[in-house]
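These are the residues of each chain, in order.
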Amino acid sequence: MSETELAPRRIAHRRAQPLAEASAAKSIDARRENTHTPEAPARVTTSVASGSNPDWVELTPSSFNSIIARLFARTIVQFGETAWLATGDRAKATLLRFTSHIVILAVVLGAAVIAGTAPTQRVLAGNTINSVQKPVAVDETFIGEGGPIVIDQLSVSPMANPFTIVPNRPRKGIVVYTVQPNDTLSQIAYLYGLKPETVLWANTDVLHDDPHYLTPGMELKIPPVDGIIYIVQSGDTVDSIATKYKATADAIYTDGALWNQLQPGQLPVVGSVLIVPGGSREFQIVNLVAQTFFNSQSNSGFCKNVAPGLIGTGTFIWPIQQHWVSGNNYAPWHPGIDLAAHTGDQVYAVDNGIVIYAGGNNSGYGNLVVIDHGNGWISYYAHNSIILVTCGQNVTQGTVISAAGSTGRSTGPHLHFETRFNDVPQNPFNVLPPP
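What counts as what
- Residues numbered from 1 in each chain as written.
- Predicted model: local features only at pLDDT ≥ 70, side-chain atom pairs only at ≥ 80, totals over all residues.
- Heavy atoms only, no water.
- Helix = DSSP H or I, 4+ residues; strand = E, 2+ residues; numbered from the N terminus.
- Buried < 20%, exposed > 50% of the residue type's maximum accessible area, 1.4 Å probe, protein only.
- Contact = heavy atoms within 4.5 Å.
- Areas by Shrake-Rupley, 256 points an atom, 1.4 Å probe, with all protein chains shown as cover.
- Patch = residues over 30% accessible without salt bridge, like charges linked within 9 Å, V, L, I, M, F, W, Y side chains within 5 Å.
- Salt bridge = Lys/Arg side-chain N within 4 Å of Asp/Glu carboxyl O.
- Phe/Tyr/Trp six-rings, centres within 6.5 Å; stacked < 30°, edge-to-face > 60°.
- Disulfide = S-S within 2.5 Å.
- Core = buried A, V, L, I, M, F, W, Y, C linked by side-chain atoms within 4.5 Å.
- Pairing = 2+ DSSP bridges.
- pLDDT = per-residue confidence, 0-100.
- Polar contact = N/O pair within 3.5 Å; in protein donor to acceptor, adjacent residues only side chain to side chain.

Some remarks on the overall build of the protein
Stage number 1. Across its full length, the protein holds 10 helices and 18 strands.
Stage number 2. When burial is assessed residue by residue, the protein has 33% of its 435 residues classed as buried.
Stage number 3. Put simply, 65% of the contacts in the protein that link residues at least 6 apart link residues at least 24 apart.
Stage number 4. Carbon together with sulfur atoms contributes 58% to the accessible area of the protein, which is approximately 27100 Å² in total.

Notes on a nonpolar patch on the surface
Stage number 1. A contiguous nonpolar patch, built from Ile174, Ile231 and Val273 and spanning about 230 Å² of accessible area, is present on the exposed surface.
Stage number 2. The residue Ile174 is located in the loop between strand S4 (147-148) and strand S5 (175-178) in this model.
Stage number 3. Residue class for Ile174 comes out partly exposed when judged on its relative accessible area of 35%.

Some details on the side chain of Arg409
Stage number 1. Along the chain, the position of Arg409 falls in the loop between strand S16 (400-403) and strand S17 (414-421).
Stage number 2. Overall, the relative accessible area of 17% leaves Arg409 in the buried class.
Stage number 3. Setting aside its immediate chain neighbours within four residues, Arg409 contacts Asp210, His212, Tyr213, Asn362, Ser363, Gly364 and His383.

Here's the deal with the pattern of salt bridges
Stage number 1. In this structure the tally under the stated criterion is 5 salt bridges.
Stage number 2. Residue Glu282 pairs with Lys246 through a salt bridge whose shortest N-O separation is 3.0 Å. Highlighted residues: Glu282 in the loop between strand S8 (273-277) and helix H10 (288-294) and Lys246 in the loop between helix H7 (238-244) and helix H8 (249-255), separated in sequence by 36 residues.
Stage number 3. Since its relative accessible area comes to 52%, Lys246 is described here as exposed.
Stage number 4. The salt bridge partner of Glu418 is Arg420, with a shortest N-O separation of 3.0 Å. Arg420 matches Glu418 in its accessibility class, with the two residues each being buried.

Some details on the packing of aromatic side chains
Stage number 1. As enumerated under the stated definition, the model contains 7 aromatic pairs in all.
Stage number 2. Look at Phe316 and Trp377: their rings are 5.7 Å apart centre to centre, the planes differ by 80°, and that puts the pair in the edge-to-face class. In this pair, Phe316 is assigned in the loop between H10 and strand S9 (337-340) and Trp377 in strand S13 (residues 377-384), connecting sequence segments 61 residues apart.
Stage number 3. You can call Phe316 buried: its relative accessible area is 8%.

What about the state of the cysteines?
Stage number 1. The tally for this structure, following the rule as stated, stands at 1 disulfide.
Stage number 2. What pairs with Cys303 in a disulfide is Cys391, and their sulfur atoms sit 1.8 Å apart. Measuring the twist about the S-S bond at about -75°, one finds the Cys303-Cys391 disulfide to be left-handed. With Cys303 in the loop between H10 and S9 and Cys391 in the loop between strand S14 (386-387) and strand S15 (394-395), this pair connects stretches of sequence that are 88 residues apart.
Stage number 3. Under the relative-accessibility criterion, Cys303 is labelled buried at 8%.

Focus: the nonpolar core
Stage number 1. In this structure, Ile188, Leu207, Leu214, Leu220, Ile222, Ile241 and Ile252 are the most contacted members of the largest nonpolar core, which totals 30 residues.
Stage number 2. Of all the secondary structure elements, the ones that give two or more residues to this core are helix H4 (185-191), helix H5 (196-202), strand S6 (219-222), strand S7 (227-231), H7, H8 and S8.
Stage number 3. Val350, Tyr381, Leu415 and Leu432 belong to the second-largest nonpolar core, a separate cluster that totals 22 residues.

Some words on the environment of Val325
Stage number 1. Positionally, Val325 belongs in the loop between H10 and S9.
Stage number 2. Taking C-alpha positions, Val325 is 9.4 Å from Leu415, a pair spaced 90 residues apart along the chain.
Stage number 3. Beyond its immediate stretch of four places on either side in the chain, Val325 contacts Ile337, Asp338 and Phe429.

Focus: the sheet that holds S14
Stage number 1. If you walk across this open sheet you meet the 3 strands as S10-S16-S14, and the pairing is antiparallel. Only two strands of the sheet have a single neighbouring strand rather than two, namely strand S10 (346-348) and S14.
Stage number 2. Bridging between S10 and S16 involves 3 bridges; their strand directions are antiparallel. Within the sheet, the bridge partner assigned to Val347 lies in S16 and is Ser402.

Section: the confidence of the model for the protein
Stage number 1. Scored by pLDDT, the protein comes out at a mean of 75, with 62% of its residues at no less than 70.
Stage number 2. In this model residues 138-167 is a low-confidence stretch, pLDDT under 50, and it forms 12 contacts with partners more than four residues away in sequence or in other chains.

Structural notes on the side chain of Ser186
Stage number 1. By secondary structure assignment, the location of Ser186 is in helix H4.
Stage number 2. Within the structure, the side chain of Ser186 is placed 2.9 Å from the side chain of Asn328, a separation counted as a polar contact.
Stage number 3. The residues touching Ser186, leaving out its near neighbours within four places in the chain, are Pro196, Gly327, Asn328, Asn329 and Trp333.

Some remarks on the environment of Gly173
Stage number 1. Looking at the element boundaries, Gly173 is found in the loop between S4 and S5.
Stage number 2. The spacing of Gly173 and Pro223 is 50 residues in sequence and 6.7 Å in space, taken between C-alpha atoms.
Stage number 3. Once residues within four sequence positions are removed from consideration, Gly173 is found in contact with Ile222, Pro224 and Trp259.

Put into structure tokens, the structure is as follows:
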């Protein structure tokens, strides 16, 4: 075959079409020729996923770039196919190389368009932020349902936890706590993991071994461990301090090394503060009976010349409706129990007897009622808001004698209740019925 026979020839055929499509195309062409009016393509709003083959498809911004790239590649391929059918063998080889280069270029350009940056929106913490998506290195350890979890740590702030737990670790030294309304010695001690007596011993200058001196706004020294806080005096040694507070020298040197910073055998510096872990001392128990009956001039509720009255049954009832402790329990430093109460709650006589004290008291008990039961037992009802009995009045078991309150040295409403036998404080739980 000569080169002249390789000249381009006119295409004499079209791509094969299904018979139905060809018939439909001829029908449309005939109708156009008869009317001489070009028909506008119908706008189809169904999605591609529905299986239809529309002339027009609604495009979203996210798919626009990829569709343009595909259309461009398809155009190049169809151009190459048409040229292939219209040329000879040598032209085909040249055209094949040219077309392959064009296809590769189209693929590269399409990938660049698809991977190009596009405006997006992120919603984080309730705010809409206009930004540009960038490739993010995915940590394969954060894989959730639906794919990797990408966390923008600059946009997500940690939330405060209202149920924070204070770590249980040794404190570096003595801290100061400011008493709040409704605080009790037991609650403050529990807050720091200490025994109540430790807080009393550390604050003898303001509490005087009596928790009723506790008042809102008072500043308390809180030691790091149970024991004694001691200021070294002239002539003191570690051994003498340990003996005084029923501890050992090893407790001060070793157990207290974090705070005392003393080497074994080293003498403490005069004026320095030592922590004596496990140390203890005797309490200066306030004898309310002596203050009430032998210092009558300073207590307005003192009753003079009270004649003998009703004799108790020997069994007690609860002095208030609530049968649980809301503050301090019975202890050597607290000769009664603090029963839960609201201001105005009724207070009852626990047994028959006669009122021997009814009025204010300057020892921290506020409005106080004392009943002598005539059999060695005496009961005390402190911090009342109102007193409903008078000196020398006989009362029977269950008589309403007062209303609960928060008078005297008290940080909140409650009933301080005491029982004494032959002037010796007794644990009220030993004589009260089960709750």
